[in-house]
Amino acid sequence: MWAILTLLVENKPGILFKVTHLFRSRNFNIDSISVGVTDNPEYSRMTITTYGDEKQVEQIVKQLDKMIDTIEVKHLDEHKTVYRELSIFKIKLSNANDSMEVNKLANAYGGKIHDVRKESIMVELTATPDQIRAFEELAKPFGIIEVARTGVAALQRSGA
Amino acid sequence: MNKMETMTGARALMVAMEKEGVKEVFGLPGGANLPMYDEFARCNIRHILVRHEQSAAHMADGFGRVSRKPGVCFATSGPGATNILTGIATAQADSSPMIAVTGQVPVAMIGKDAFQESDIIGMANPVVKYAFQPRTPGEIPGVVRKGFYIAETGRPGPVLIDIPKDVQQKEANMIFPDEFKIRGYNPWTDPDIVHVERAIEMLLSAERPIILAGGGTIISSAFAELQSIAELLMIPVVTTFKGKGAFPENHPLSLGPIGMHGHAEANKMMTEADCVLAIGTRFSDRSVGTFEAFEKRLKIIHMDVDPAEIGKNQTTSVAVVGDVRASLRIMVKMLMQRATKRTEENTWIKHVKETKAYWKENLKLHPGEMGAAKILRKLREVLPRESIVTTEVGQHQMWASLFYDVIQPGTFFSSTGLGTMGWGFPAAIGAKVARPDVPVVDIAGDGSFSMTENSLATAVLEDIPVIVFLLNNFTLGMVAQWQRTFYNRRMIGVDQGKCPDYVKLAESYGAQGIRAQSMDELDKAIKTALKSDVATVIDIPIDPEEDVLPFVAPGTSLADMILPS
Ligand SMILES: Cc1ncc(C[n+]2csc(CCOP(=O)(O)OP(=O)(O)O)c2C)c(N)n1
Ligand SMILES: [Mg+2]
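In this text the structure is predicted, and so the values were computed from the model without any measurement.

## Digging into the sheet that holds strand 6 (residues 130–132) of chain B
Residues and elements named next belong to chain B.
Move 1: Sheet architecture is open: six strands sit in the order 3-2-4-5-7-6, paired in parallel fashion. Two strands lie at the open edges of the sheet, namely strand 3 (46–49) and strand 6, each paired on one side alone. Recorded for the sheet is a direction-independent mean angle of 25° between the axes of neighbouring strands.

Below you can see the structure in the form of structure tokens.
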């Protein structure tokens, strides 16, 4: 099971270390992690995506909750959550047509074009991890030079 | 209103600790904690000097388990701090309240690989309940207040306070807070009454119910409540090893500890039960064997203060989260209202009693005069009931579990989670500091005692007369037993020679050393030790070939228990 966890934590040094250490020492997986300060500078929000069966995910949530620096830990229901990841792809351009084709592909996924060169082009894509993976598959034939991804950020929908 | 006072960080630490009721600190000084040490000259806290910081941590641990108030240990930065790590990890594994205060290099030197700098916060993170590193002196009063609160509430544990030297030295206007808030920490949950009721239903409808009392029962002192429930419902009681003595072991319903070296009758009845009320236990593999086999055909009611324990190792049918004493109290009250006393002898209880009687008669023991069972039964016979016993780790520890009956609940302590050799002796010293009015005995093995034997200096110089009851097989006996059992008797790295002579060793420290080679001598030795006002080592040579049995081999289930042939 793929799970999205959202954590409200104290905005203090060392918290990210403790959270990732917990995953390592308890034998849990981190698929992605993103951190940023909230509107209240005393708190940060962490979004962690992870894999595990239902029991494992329940354990992860409980162990995170037990941490003294976590104020709130939630396992989010994908269907009641807005979640996105930012990715940047540097893609190879081999012939004159490629530029147009990559443009088209980026458009189809709602991506933005940056840094157009003769031999390469950059695409910025904000989407769900699945969509990013799908885009990556389609971009592969052109030749992917480099990828950077931020990990998922997520918030529960209101009323959910 | 809190009055503001100007003082150094070091002074603030001591004042704050006095406010917490600290009377003793176990430790050893060095460059980075000297400002704190200098403050002992000006406060009412006694410093107890150790010869190795690991022992300071174990002493604080022993103190904490007995008094249920955090024991405090001090160490300097770098090697002092790394030396206490084993002690901190031991306390964490057994949920023992502790405050460890380390000196650190000055703030400006952190990260510069300074002399005796170690990232103790980073190293200790997975083995502490929480760690603080105040960067300004004004933080110290709040840190101490919160540290003690965290260490002793909910599921207790060790808290590390790492103080850079300049933070100890600098002055600030100090406010000692009475009230504080830790947003992410809510140690107490009120037990859910509906769940308690469901638990009662389940116990009443079970055919073969059993109670499994874990260490949490002792930590929360739920002795009376546990006994009431067992007696009201006529349910037999087994314990984990850490829960040993949560229930009087001379009680007709007591079966003793289950587990790898559990009592035969306890393991047998545990595997036959259809419903268990598990109180304050984490279902460690050493207690339950393989997880899958244990939970098969068994309905589990789990009471624990730590919600993360529910469902971690075992699937539960009913969970009651909260202080186990509070949960049991509710249960007792509900049972009283229902007036459901199951006094009459049912078939299960009859079967339990028969099984118990059978194993009392038929467990094969070492034939010699100085067999382990006889030695530990002798100790039990002579020791007053209120005596506190600690143990080291090894065969002697498991023999203590099998043959030393704890009659007064909460008088038996051991390193059960981490299994730290060398824990028992310093822990006994800490226990004696907490309870100078009762005899304190460390049931020891020679290998374990060797690890922290230099605490004899502390016992003698600080006038803390504990008894080391040394079952001396001149061997790392437990390892030797595994080599006999699983490695075709290839004995490697277990022979301790006849080195040292523990009587002379004790005497060289100014302690009393007595060798006991017969039951008569042993009887006399224990009585002499009890009367004496100096620490005593009773060296009891035993057969190095004696095995601890029963034995549930690792990776097997309680039903696969190996019995003496
Ligand atoms: C610090 C530490 N190192 C190693 C072990 C592994 N170990 C467990 S029991 C044991 C032997 C203990 O010997 P002793 O104290 O003489 O007790 P005995 O088994 O002989 O009664 C060892 C080496 C341990 N538990 N702790
Ligand atoms: Mg030995």
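Having seen the structure, we can now continue with the description.
## Some points on the coordination of the magnesium ion (ligand 2)
Residues and elements named next belong to chain B.
Move 1: Donor atoms from the polypeptide that coordinate the magnesium ion (ligand 2) comprise Asp 446 (OD), Asn 473 (OD1) and Thr 475 (O), at 2.1 Å from the metal.
Move 2: Coordination of the magnesium ion (ligand 2) draws on donor residues from a single chain, spaced D-x26-N-x1-T in sequence.
Move 3: Asn 473 gets classed as buried once you look at its relative accessible area, which sits at 5%.

## Focus: the interface of chain B and chain A
Move 1: Between chain B and chain A, the contact holds 19 residues from the first and 20 residues from the second.
Move 2: In total, chain B and chain A occlude about 1500 Å² of area from one another, counting both sides; carbon and sulfur atoms represent 48% of this.
Move 3: When residues of chain B are sorted by the area they lose upon contact with chain A, Asn 125, Tyr 130 and Arg 183 of chain B head the list and together hold 39% of the total.
Move 4: Linking chain B to chain A there are three salt bridges.

## Points about the sheet that holds strand 6 (residues 112–114) of chain A
All names here are of chain A.
Move 1: Strand order in the open sheet formed by four strands is 6-7-5-8, with antiparallel pairing between adjacent strands. Each end of this open sheet is capped by a strand with a single partner; those strands are strand 6 and strand 8 (144–156). Taken over all neighbouring pairs, the strand axes of this sheet differ in orientation by 15° on average, direction set aside.
Move 2: Bridge count between strand 5 (residues 81–92) and strand 8: ten bridges; the pairing is antiparallel.

## Quick word on the packing of aromatic side chains
Move 1: Evaluated as defined, the whole model comprises 19 aromatic pairs over all chains.
Move 2: Taken together, a centroid distance of 5.7 Å and an interplanar angle of 50° make the contact between Phe 40 of chain B and Phe 74 of chain B tilted. Note that Phe 40 of chain B is positioned in the loop between helix 2 (34–38) and strand 3 and Phe 74 of chain B in strand 4 (residues 71–75), a separation of 34 residues in sequence.
Move 3: Here Phe 74 of chain B falls in the buried class, since its relative accessible area comes to 0%.
Move 4: Among the aromatic residues, those joined into a ring-pair cluster are Phe 89, Tyr 109 and Phe 135 of chain A.
Move 5: A cation over a ring is seen here: Lys 19 of chain B above Phe 176 of chain B, with NZ or CZ 5.1 Å from the ring centre.
Move 6: Here the guanidinium or amino end of Lys 498 of chain B rests over the ring plane of Phe 474 of chain B, the centre of that ring lying 4.4 Å away.

## Some remarks on the layout of surface pockets
Move 1: Roughly 800 Å³ of internal volume is contained in the second largest pocket.
Move 2: Every residue lining the second largest pocket is counted, 33 residues in all, and those nearest its centre are Lys 12 and Pro 13 of chain A together with Ala 131, Phe 132 and Gln 133 of chain B.
Move 3: For the lining of the second largest pocket, a count of residues per class yields 14 nonpolar, seven polar and twelve charged.

## Observations regarding the domain arrangement of chain B
Residues and elements named next belong to chain B.
Move 1: Domains assigned within chain B are domain 1 (4–175), domain 2 (193–361) and domain 3 (363–557).
Move 2: On a C-alpha basis, the centroid separation for the pair domain 1 and domain 3 is 31 Å.
Move 3: A per-residue breakdown of the area domain 1 buries against domain 3 is headed by Arg 51, Met 59 and Val 66, which together make up 29% of the total.
Move 4: If you look at where domain 1 meets domain 3, you find one salt bridge.
Move 5: Across the pair Arg 46 and Glu 462 runs a salt bridge, and its minimum N-O distance is 3.2 Å.
Move 6: Where domain 1 touches domain 3, the interface holds eight residue pairs in polar contact (both at pLDDT 80 or more).
Move 7: Contributions of two or more residues to the side of domain 1 that touches domain 3 are made by strand 2 (24–27), strand 3, helix 3 (53–67) and helix 4 (79–93).
Move 8: When residues of the side of domain 1 that touches domain 3 are assigned to their parent elements, the largest contribution, ten residues, is made by helix 3.
Move 9: A breakdown of the residues in the side of domain 1 that touches domain 3 according to their chemical character gives nine nonpolar, nine polar and six charged.

Scoring rules and cut-offs
- Residues numbered from 1 in each chain as written.
- Chains lettered and ligands numbered in written order.
- Predicted model: local features only at pLDDT ≥ 70, side-chain atom pairs only at ≥ 80, totals over all residues.
- Heavy atoms only, no water.
- Pairing = 2+ DSSP bridges.
- Helix = DSSP H or I, 4+ residues; strand = E, 2+ residues; numbered from the N terminus.
- Axes fitted to C-alpha atoms, helices over the stretch in contact; angles between N-to-C directions.
- Donors = N, O, S within 2.8 Å, 3.2 Å for Na, K, Ca; no water.
- Buried < 20%, exposed > 50% of the residue type's maximum accessible area, 1.4 Å probe, protein only.
- Contact = heavy atoms within 4.5 Å.
- Buried area = accessible area lost by both parts, 1.4 Å probe.
- Salt bridge = Lys/Arg side-chain N within 4 Å of Asp/Glu carboxyl O.
- Phe/Tyr/Trp six-rings, centres within 6.5 Å; stacked < 30°, edge-to-face > 60°.
- Lys NZ or Arg CZ within 6 Å of the ring centre and 35° of its normal.
- 1 Å grid on protein atoms, 1.4 Å probe; cavity = no way out; pocket = protein on both sides within 12 Å on 5 of 7 lines; lining within 4 Å.
- Points joined across faces, edges and corners; volume = space filled by probe spheres on them.
- Nonpolar A, V, L, I, M, F, W, Y, C, P; charged D, E, K, R; others polar.
- Domains from an automatic or database assignment.
- Polar contact = N/O pair within 3.5 Å; in protein donor to acceptor, adjacent residues only side chain to side chain.

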